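# Breakdown of the fold
Listed below, chain by chain, are the residues.
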Amino acid sequence: MGTRQSREIDARLREGGTVVAASERGARAVLAAYHRARRAEGLKAWAAPDVRDWHSFALREWERRNGDARMVLNPLQEQALWAEIVKEMGGAAAELEAPRQRLAAMAMDAHRLLCSYAPIYLDSRTRSGWQQDAGEFSRWLSAFEELCRKRECMSAARLALELAGWIEKDGANRNELLLVGFDRILPAQSALLRAWSAWREAVADEAAQEVSFWQAADSRDELAACALWCRRRLEANPETKLLVVTQNKAGQRGEIERMLLRYALPTGEARTNASFFEFSLGVPLAGTALGRGALTTLKWLSAPIAENELDWLLSTGQLAANDDEMRALAAHMRAIRRRNLQRPEWTMTDWIMQRGAGPLPEAWKQRVIEAQRQRDAQIRWAQTPMKWAELAQTLLETAGWPGGRPLGSEEYQVNARLARVLDDCASLGFDGTTIKWSDFLSALERAAMQSLFSPESQDAPILIAGPAETAGLEVDGIWFLGASDDAWPASGTTHPFLPISVQREARMPHAAAQFDWELAEAITKRLMASAPQVNFSFARQGDDIEARPSRLIANLAGEPRELPPELRPPSSGEPVTESWTDESRVPFPGGNVHGGAAVLTAQSQCPFKAFATARLGAEEWDAAEAGLTAAQRGQLLHAVLKLVWDPAKGGINTRAQLAEKIDLREFTSPLVKSAMADAQRTSGWGWMPPRYLELEQVRLTNLVAEWLEYEKTRLPFTVEATELRREFQIEGIDLSVRIDRLDRLNDGKVLVIDYKSGNVNPNQWDLPRPDDVQLPLYAGFALNSATEDAGGLVFAKIRAGELEFAGRIEDAKGTLRQKISGNSNLVKKPLTLEQMNLWKKYIEKCARDFMTGCAEVDPRDYPETCKYCALGPMCRIAELQEQSGSIGGNEGADNG
Ligand code: SF4
């Protein structure tokens, strides 16, 4: 790049001088530039330059001198000391672990601010007038100092101040330091530099020759413009280095990635995002797959974990020695769900011991049981964090984590980082403290949340960084996103533990708008001197509010202009994927079909749904709930009603017998009890509290009794069968169905009944494209034509406060209930032969479509049909919808 500043830095390093950068990223950038320059000179080897970020420079100099042998605390150790003080002095607010740790982190931050900006207040006499929260913090600070003195340690925030004293004393010759990328020099840094005496800042370059300020309609257009600009620059020069500055890296990360992949890749290039762009700030270690896997494994060895967490852990293969084990573990979980045995949480023992879910791999069982045994053998007493860190490593190894598959380069780095975090946690015992295993796990989780991981830099052409992390970087072009008035200068709140007057006096961040303005101005000017071309941009439409351009940027870069045509994304939105219409069809060979009759309902709702569920075996799972799931409640209701209408099991089977039952609760109660006992034997309800199951029993008894009260108002009927199994064939598909109940009516015809505890409406059967064909299918194909003439098909809606039959009946007043209102749909929309024939024809057409392999993504009524369908990620309906603007809808409605 050869700017004046980079030449100065290079010259200083070649002379063997020391360069101190404001940030770690800045130090890395200076090092990378130095090595690049040596390679460009054709050198094969050269001496390592002395480049440090501020903190590591101060630490090195302290360790070189370290006159009183005090240990410098790492952040975890310091927070543990603060937590100890907060626990002792924080009162009720600090009794629970989580609030205590939050208070400790805030106190640590307040101490850091005092050390950096207002060291004078480290002397307790200057804090005598501090009141309320500040007064409380002042007492904590005195206790912290006392604790540090006793334990012969020191906060890293004090390093610069303490070091300044030692440097003044040693009188040794010191190299002149060259400082790079400092937006401001804080009082603590000033103290150290004064003591060092020989230092200066690298001379900043002139402001960029080309500075622009753009306004975009919304953030999507803004990101697209930035990505298109990157692409143009990279196409012009593939060696170019670009910097994208964003203030909202975490929130915008996904969106930035998508836009760069979509618009910034130069034509003809097939780079992955890993080689094409990189983020300067990492993600929490606990958020990486391996980090999360290790923490979840350790937690599962000690306590129950949520079912979805367990599902995730097993699906990653981090506990499987090989693919066979991984498949077996997944199959075990699937079997649990198929049998409706899911639970909100699983202990390891319960999961292993769960009956009815098939065998688990023996080697896997032995590993995790051995890990549990090792844990149980050691966790009875408090131990040093060092001992716990060793145990955590041992347990992970014994349990087989991170699995048998080879790790990729990034996973190795995560693994190494995790080992460092375990070392940090082990160092919590620096003062001889012993803690419980559960406290160690909490500390490990906190440390993994606070520790940021980013893969080693690949020196990618595009770097995405926050404004503060750009200190010391020099690139060929910069794009600064989000330069709106409310976002830049960045605003924030003052620290609640420090008096406002102190924060103002020391010019701490956010203590006055003027300070934020000055800092933002310094950063902006530095950025403008860090590249020959600098763009600023903002989106006019923010989160539901109209945004204005940043006044600061407008002052320095001029008023914003509309984006030029070459930086506007194509209005139709170029699809990321190439679309291709697959018109091939793979016919179904006939015979039994997975899912039974539901496949024809699915074919009517959306052909792809039928194909995916019946032919690919795609399944959707009900999430476990703290109590019985809706499906389990439905099954119970069916089981009770089967007993009610079975004379052999203590029930009845006619309207006349029902009329004789005066106390319906007394009649129903033993049947409900018996059904629940049966269900409990075959299901995994053992973990549910008995009192909850008792209440469920009462609820169900009342509901069924109320329903029977309603059935008493019917005209005479006989229950011919319940849960009646019938098998038949439609267009080559073998179907096996189970009819909930078949009643013989007073005119000799039969009524097909389906129990429903959810919200249903017979309109779902309406042609030309029904949402549900289950009962029309039963009535049209499952009845014996010689003896079972369909007189009606109804849902029995059994919901608290909504008890009724709903459907189509030939003669509702004559066969169901005499007193039925003339306005009822049962009367207004009777079942007719013509209707039955139309349904049959439609169902046969669905069957033919299924047989021919018709699998179009064509929901009956988008988005309603898709609302409760879990296949969205497979059919990619959202993507299709975005591309076409509108698909499906009722287009297929004429098919019938
Ligand atoms: S999500 Fe919608 S489009 Fe996709 S399979 Fe389900 S119903 Fe069809």
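For the structure itself, consult the block above.
From a predicted model like this one, the values you see are computed outputs, not experimental measurements.

Broken down by element type, the protein chain carries 35 helices and 23 strands. Taking the principal axes of its C-alpha atoms as reference, the protein chain extends roughly 115 × 70 × 55 Å. A buried classification covers 48% of the 896 residues belonging to the protein chain. On the protein chain, roughly 42700 Å² of surface is accessible, and the fraction owed to carbon and sulfur atoms is 50%. In the protein chain, which carries 108 positive and 124 negative side-chain charges, the distance between the mean positions of the two groups comes to 2 Å.

All right, on to the site of the ligand then. Taken together, the residues surrounding the ligand are Cys606, Phe608, Val857, Pro859, Cys866, Cys869, Leu871, Gly872, Cys875 and Ile877. Along the lines of polarity and charge, the residues of the shell around the ligand split into nine nonpolar, one polar and no charged.

Mapped onto the secondary structure, Asp516 falls in helix α21 (residues 513–528). Buried Asp516, no salt bridge; nearest opposite-charge side chain is Arg184, N-O distance 6.7 Å. Ignoring sequence-local partners within four residues, the contact set of Asp516 consists of Pro489, Ala490, Ser491, Gly492, Pro509 and His510.

Next up on the list: the pairing of strand β8 (residues 242–245). With burial as the criterion, each face of β8 is covered, one bearing Leu242 and Val244 and the other bearing Leu243 and Val245. Here β8 pairs with strand β14 (residues 462–465) via four bridges, running parallel. Note that in β14 the partner of Leu242 across the bridge is Ile462.

Looking now at the sheet that holds strand β16 (residues 533–541). Sheet architecture is open: seven strands sit in the order β9-β14-β8-β15-β16-β7-β17, paired in parallel fashion. Edge positions in the sheet fall to β9 (277–279) and β17 (561–562), since each has one partner strand and no second. With respect to the sheet, helix α9 (residues 219–236) is in contact with β7 (210–218), β8, β14, β15 (477–480) and β16, its orientation differing from that of β16 by roughly 160 degrees.

Moving on: the environment of Arg64. Locating Arg64 in the fold gives a position in helix α3 (residues 54–65). Here Glu61 takes part through its side chain, which lies 3.2 Å from a polar atom of the side chain of Arg64.

Bringing the nonpolar core into the picture now. In terms of nonpolar packing, the biggest core is built from 54 residues, with Trp300, Leu310, Trp351, Trp364, Trp437, Phe440 and Leu444 touching the most fellow members. Those elements that place two or more of their residues in this core are α12 (289–302), α13 (307–316), α14 (323–338), α15 (348–353), α16 (362–378), α17 (385–399), α18 (409–426) and α19 (437–450). Residue contacts for Trp300: discarding those within four places in its chain leaves Ile305, Leu310, Leu313, Leu319, Trp346, Thr347, Met348, Trp351 and Trp364. Membership of the second largest hydrophobic core comes to 42 residues, among which are Leu636, Ile652, Tyr710 and Leu751.

Conventions we followed
- Residues numbered from 1 in each chain as written.
- Predicted model: local features only at pLDDT ≥ 70, side-chain atom pairs only at ≥ 80, totals over all residues.
- Heavy atoms only, no water.
- Helix = DSSP H or I, 4+ residues; strand = E, 2+ residues; numbered from the N terminus.
- Buried < 20%, exposed > 50% of the residue type's maximum accessible area, 1.4 Å probe, protein only.
- Areas by Shrake-Rupley, 256 points an atom, 1.4 Å probe, with all protein chains shown as cover.
- Lys, Arg positive; Asp, Glu negative; His and termini not counted.
- Charge placed at Lys NZ, Arg CZ, Asp CG, Glu CD.
- Near = heavy atom within 4 Å.
- Nonpolar A, V, L, I, M, F, W, Y, C, P; charged D, E, K, R; others polar.
- Salt bridge = Lys/Arg side-chain N within 4 Å of Asp/Glu carboxyl O.
- Contact = heavy atoms within 4.5 Å.
- Pairing = 2+ DSSP bridges.
- Axes fitted to C-alpha atoms, helices over the stretch in contact; angles between N-to-C directions.
- Polar contact = N/O pair within 3.5 Å; in protein donor to acceptor, adjacent residues only side chain to side chain.
- Core = buried A, V, L, I, M, F, W, Y, C linked by side-chain atoms within 4.5 Å.

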